[in-house]
Amino acid sequence: MYLVQLWASDLNDTKKEFTTREDIAIVLISQYVANMVRFLVDSYNKPIPAILEIPSKDHPYDPAHDSVLSRVKYLFSTESVASERR
């Protein structure tokens, strides 16, 4: 497990590094830090490594900003609409 302390200016390069390595399956990022680079987190669409947002000690978790939860809600709402059409 890699623990990395980052400055906001380094987040883009670090995200590229960790999402292209073959020995990493899950990238954990605090939601507070993910919000600093929301455009990068939301644009990432590969299944492995998965980018998961976790709460931090100093900032509460907000499910409305969680990219994975947003995608799951979208998929279930699309499935619901498709199943009602059958």
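Owing to the predicted nature of the structure, the values given are computational and were not obtained by experimental measurement.

Colleague: I would appreciate a short explanation of the overall build of the protein chain in the present structure.
Modeller: Each helix and strand in the protein chain was counted, giving 4 helices and 2 strands. Mapped in sequence order, the helices and strands of the protein chain form the string α-β-α-α-β-α. Relative to its 86 residues, the protein chain shows a buried fraction of 23%. Of the roughly 6800 Å² of accessible surface on the protein chain, a fraction of 59% belongs to carbon and sulfur atoms.

Colleague: Just checking my understanding: could you explain unusual backbone geometry for this structure?
Modeller: Glycine aside, residues mostly have negative phi, and peptide bonds are mostly found in the trans state. For the peptide bond that leads from isoleucine 48 to proline 49, omega is -5°, which places it in the cis range. Within the secondary structure layout, proline 49 lies in the loop between α3 (38-43) and β2 (50-54).

Colleague: Would you explain a nonpolar patch on the surface in this entry?
Modeller: A contiguous nonpolar patch, built from Ile26, Leu28, Leu52, Ile54, Val68, Val72 and Phe76 and spanning about 580 Å² of accessible area, is present on the exposed surface. When residues of the nonpolar patch are traced back to their parent elements, those giving at least two are β1 (26-30), β2 and α4 (67-85). Per-element tally for the nonpolar patch: the top contributor is α4, with 3 residues. We classify phenylalanine 76 as exposed; its relative accessible area is 54%.

Colleague: Explain the nonpolar core to me, please; I cannot follow it from the model alone.
Modeller: Where a protein is soluble and globular, its nonpolar side chains tend to be buried together. Counting 10 residues, the largest nonpolar core consists of Phe18, Ile24, Val27, Ile29, Ala34, Val37, Leu40, Val41, Tyr44 and Ile51. Looking at this core, the elements with two or more residues in it are β1 and α3. When sequence neighbours within four positions are dropped, the list of residues in contact with valine 41 reads Ala34, Ile51, Glu53, Ser67 and Arg71.

Colleague: In this structure, what is going on with the confidence of the model for the protein chain? I would like to understand it.
Modeller: Residues shown with low pLDDT carry predicted positions that ought not to be read at fine detail. Mean pLDDT over the protein chain: 75, with 77% of residues reaching 70 or higher. Contacts for the low-pLDDT stretch residues 1-5, under 50 throughout, to residues beyond four places or in other chains number 5 contacts.

Colleague: I would appreciate a short explanation of the side chain of glutamine 31 in the present structure.
Modeller: With respect to the helices and strands, the residue glutamine 31 is situated in helix α2 (residues 31-36). The contact partners of glutamine 31, leaving out residues within four places of it in the chain, are Arg38, Glu53, Ile54, Pro60, Tyr61, Asp62, His65 and Asp66.

Colleague: Even after reading the chapter, I still don't get the pattern of salt bridges, so can you show me in this structure?
Modeller: For side chains of opposite charge, pairing can occur when their charged atoms come near one another. Counting across every chain of the model gives 1 salt bridge. When the shortest N-O distance is used, the salt bridge between arginine 21 and aspartate 23 registers 2.8 Å.

Colleague: Can you help me understand the environment of isoleucine 51 in this one?
Modeller: Its place among the elements puts isoleucine 51 in strand β2. Owing to a relative accessible area of 11%, isoleucine 51 belongs among the buried residues under this scheme.

The rules behind these values
- Residues numbered from 1 in each chain as written.
- Predicted model: local features only at pLDDT ≥ 70, side-chain atom pairs only at ≥ 80, totals over all residues.
- Heavy atoms only, no water.
- Helix = DSSP H or I, 4+ residues; strand = E, 2+ residues; numbered from the N terminus.
- Buried < 20%, exposed > 50% of the residue type's maximum accessible area, 1.4 Å probe, protein only.
- Areas by Shrake-Rupley, 256 points an atom, 1.4 Å probe, with all protein chains shown as cover.
- Patch = residues over 30% accessible without salt bridge, like charges linked within 9 Å, V, L, I, M, F, W, Y side chains within 5 Å.
- Salt bridge = Lys/Arg side-chain N within 4 Å of Asp/Glu carboxyl O.
- Core = buried A, V, L, I, M, F, W, Y, C linked by side-chain atoms within 4.5 Å.
- Contact = heavy atoms within 4.5 Å.
- pLDDT = per-residue confidence, 0-100.

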